[in-house]
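In case you want the letters, here they are:
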Amino acid sequence: MEFCILTEGQRYRKELLDEAAQEKFEEKSLAWPPERRKTISEMMQAHDGPSGDATRNFGLQIDKDMTSVEGRVIGPPGLKLGAPDGSLDIVRVENEKCQWNLAENSVVEGKQIDRWALIEFSSSVSLKLKAKDFIKNLRNRSRSLGICMEEPLVCHFTTMREFSSVSRLEELLRSVIQEARRKSWNTLQIIICVMAEKHHGYKYLKWVSETRIGVVTQCCLSSHANRGDSQFLGNLCLKINAKLGGSNVELTQGLPHFEEEDHVMFIGADVNHPVSKKSTTPSIAAVVSTVNWPAANKYAARVALKTTELKRFWNLDPCVGILSTIIFSSTSEGQFDMVLNEELSDLKNAICDDSYQPTITLIVAQKRHQTRLFLENVGDGGPTGNVPPGTVVDTKIVHPFEFDFYLCSHYGRIGTSKAVHYIVLWDENSFMSDQLQKLIYNLCFTFARSTRPVSLVPPVYYADLVAYRGRIFQEVAKEFQSRSVPSSMHSSSSPSNSTTFDRSFITFIQIFRTSCFLFEESFWSLQ
């Protein structure tokens, strides 16, 4: 590749693709299981491959065939959804995709939405929102899902130019809130922002709404809103209901190993690292935790700079009444010792005392690995050729004596599914392997934005979203710092500049943390 010369102007920005183009892009770029398996086998058989001549010169022998392992498929749990008569209905998901349908059911707990506003950011007549139809369709869809949504207090129409400036966005949001307060004494619950296109100013909107204003926002594209598609509107309602503290879906039975009176908290931790060659940019650490047992599907979040002391990572208030704590973290193998010897100790110091000693289980969830699971008999899988949801492998390819396993919890719609490698570093709850595998798989059905199990256990999934949100906040803060500092003083290596930025970022991170708890038991989503 070092001899290639790339023609300019070919950068392909995947994040700006529309939904159909992005799906087509993924289909072309991601290999299906039979294709990937064939490619790997051909590489291993080649004389210049990993088991070829060069390897044999070192006296090494590598088996050219894939390792045959036995896997088990965990059955999907029963789910609790709302029924048309207002009662709760028990839903059995279908086995192939493990998907459930909200066409004839509603959410478990729909929030009353009395105070909301609509802002349309249009760029041309062709992308202009059909506001009346959108409001009507959204209210009808929310009503069918058990979410009572009144007419918006304010409808404001503007252009995408507002995204070019943080000050313009803040002025716009404050004016909408003031207009709403003239019609209702209470603060707005949510602002729905319909955008004509994806825009880099999205991060400005989230930063203003969540750290300056204190009102959550829900974004969508006008092209989707104008279609009035039931599935799109349903997904939008699920996000809105979750952000306002509602409950979309719950498990019918309790999680394995625990009883309803046990009171368990699930904690997820993740760190968003800066891109390479930017060593002065700090890492962003995020922690989320469940706040409702036994449903365990609502989360509170905290975020901080990782350059501060490790104790800040676990700067948690005592979890009074919690008897067991299960922590999920996405950590590389090189950090296992640090997690066990330092961060676990910091956590215990934060929540334990002489009279309060909850049992703790610490699990690492790894997705960045090169292990792939292929079906020996393609007919055992679905039409995509991937292993079915709930597939567990805990022999041969795992550690000989440690507690770890691979779990593929999602349906592989495109490309080759990648199982998550779960590694138990510390276990005071004395889990049996079947119990823990079933517990993690069941939790994957409680992700609020989806009607199918997700690929990663929700505590880590949410922590990853929060860490990413902290990263875009950090980008906004750094832009402000660069504008306020004279050009003659700009120096990425200047310790004083770095210290000033760290302090200013911590200041508004504290604001973000406060606003996080102002929202009713909320969690964060990218939209």
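By the naming in an unreviewed UniProt entry, the chain goes by Protein argonaute 2 and is assigned to Sesamum radiatum.

**Student:** Teacher, can you tell me more about the environment of Arg161 here?
**Tutor:** Considering the arrangement of structural elements, one finds Arg161 in the loop between strand 5 (154-159) and helix 5 (166-181). Classification of Arg161 as exposed rests on a relative accessible area of 57%. Spatially, the C-alpha atoms of Arg161 and Ser122 are 9.0 Å apart, while their sequence positions differ by 39 residues.

**Student:** Could you clarify how one ought to interpret the nonpolar core in this entry?
**Tutor:** A general trend in soluble globular proteins is that nonpolar side chains are found buried together. Core analysis: the biggest nonpolar cluster contains 61 residues, and Phe134, Phe266 and Tyr422 have the highest contact counts within it. Among the elements that take part in this core, helix 8 (residues 230-243) stands out by supplying six residues, more than any other. Judged by nonpolar contacts, the second largest core, of 31 residues, contains Phe121, Leu172, Ala180 and Tyr202.

**Student:** Looking at this structure, how should I read the sheet that holds strand 15 (residues 403-408)?
**Tutor:** Two pairing modes exist for strands in a sheet, parallel and antiparallel, and in both the strands are linked by backbone hydrogen bonds. Spatially, nine strands are ordered 1-14-15-16-13-12-9-10-11 in an open sheet, and the strand pairing comes out mixed. Only two strands of the sheet have a single partner each, and these edge strands are strand 1 (72-73) and strand 11 (299-305). Contacting strand 12 (324-329), strand 13 (359-366) and strand 16 (420-427), helix 9 (residues 336-351) runs over the sheet at an angle of about 140° to strand 13. Against the sheet, helix 10 (residues 433-443) engages strand 1, strand 9 (264-272), strand 12, strand 13, strand 14 (391-393), strand 15 and strand 16, with an angle of about 35° to strand 15.

**Student:** I'm lost on the packing of aromatic side chains in this one. Help?
**Tutor:** Each aromatic ring pair is described using two quantities: the centre-to-centre distance and the angle formed by the ring planes. Inspection of the entire model under this criterion finds twelve aromatic pairs. Seen from their ring centres, Phe121 and Phe163 are 4.6 Å apart, and the 55° between their planes marks the pair as tilted. Taken together, the residues Phe121 in strand 4 (residues 116-122) and Phe163 in the loop between strand 5 and helix 5 connect sequence positions 42 residues apart. For the pair formed by Phe121 and Phe163, the shared burial category is buried. A network of ring pairs unites the aromatic residues Phe258, Phe266, Trp293, Phe328 and Phe431 as a single cluster.

**Student:** What should I look at first to understand the pairing of strand 7 (residues 216-221) in this one?
**Tutor:** A large share of strand 7 lies buried, amounting to six of its six residues. With burial as the criterion, each face of strand 7 is covered, one bearing Val216, Gln218 and Cys220 and the other bearing Thr217, Cys219 and Leu221. Pairing analysis gives six bridges linking strand 6 (residues 190-195) to strand 7, with the strands arranged parallel. Residue pairing for strand 7: Met195 is matched across the bridge by Leu221. Taken together, strand 6, helix 6 (residues 202-213) and strand 7 form a β-α-β motif whose crossover is right-handed.

**Student:** Is there a simple way to think about the pattern of salt bridges in this case?
**Tutor:** Side chains that differ in charge, positive against negative, can pair when their charged atoms come close. Tallied over the full model, the rule gives 14 salt bridges. Salt-bridge contacts for Glu151 lead to Arg139; the nearest nitrogen and oxygen are separated by 2.9 Å. With Glu151 in the loop between helix 4 (131-144) and strand 5 and Arg139 in helix 4, the pair connects residues that are twelve residues apart, well separated along the chain. Given the relative accessible area of 46%, Glu151 is considered partly exposed. A relative accessible area of 17% means that Arg139 is categorised as buried. With a shortest N-O distance of 3.5 Å, Glu162 and Arg168 are connected by a salt bridge. A relative accessible area of 14% means that Glu162 is categorised as buried. The exposure class of Arg168 is partly exposed, given its relative accessible area of 34%. Connected through salt bridges with shared partners, the residues Arg72, Asp394 and Asp434 form a single ionic network.

**Student:** Please clarify how helix 4 should be interpreted in this entry.
**Tutor:** For the α-helix, the turn length of 3.6 residues means that residues three or four positions removed from each other point alike. The terminal C-alpha atoms of helix 4, which comprises 14 residues, lie 20 Å apart, in line with the 20 Å expected from a rise of 1.5 Å per residue. For helix 4, the full list of buried residues reads Ala131, Phe134, Ile135, Leu138, Arg139, Arg141 and Ser142. Along the long axis of helix 4, the arc covered by the buried residues comes to 165°, so they all point the same way. Structural note: helix 4 exposes Lys132 and Lys136 on the side pointing more than 90 degrees away from its buried face. Those residues of helix 4 that are buried are in contact with strand 4, strand 5, strand 6, strand 7, helix 7 (222-227) and helix 8.

About the thresholds
- Residues numbered from 1 in each chain as written.
- Predicted model: local features only at pLDDT ≥ 70, side-chain atom pairs only at ≥ 80, totals over all residues.
- Heavy atoms only, no water.
- Helix = DSSP H or I, 4+ residues; strand = E, 2+ residues; numbered from the N terminus.
- Buried < 20%, exposed > 50% of the residue type's maximum accessible area, 1.4 Å probe, protein only.
- Core = buried A, V, L, I, M, F, W, Y, C linked by side-chain atoms within 4.5 Å.
- Pairing = 2+ DSSP bridges.
- Contact = heavy atoms within 4.5 Å.
- Axes fitted to C-alpha atoms, helices over the stretch in contact; angles between N-to-C directions.
- Phe/Tyr/Trp six-rings, centres within 6.5 Å; stacked < 30°, edge-to-face > 60°.
- Right-handed = clockwise from strand over helix to strand, strands pointing away.
- Salt bridge = Lys/Arg side-chain N within 4 Å of Asp/Glu carboxyl O.
- Expected span 1.5 Å × (residues − 1).
- Arc of directions from axis to C-beta.

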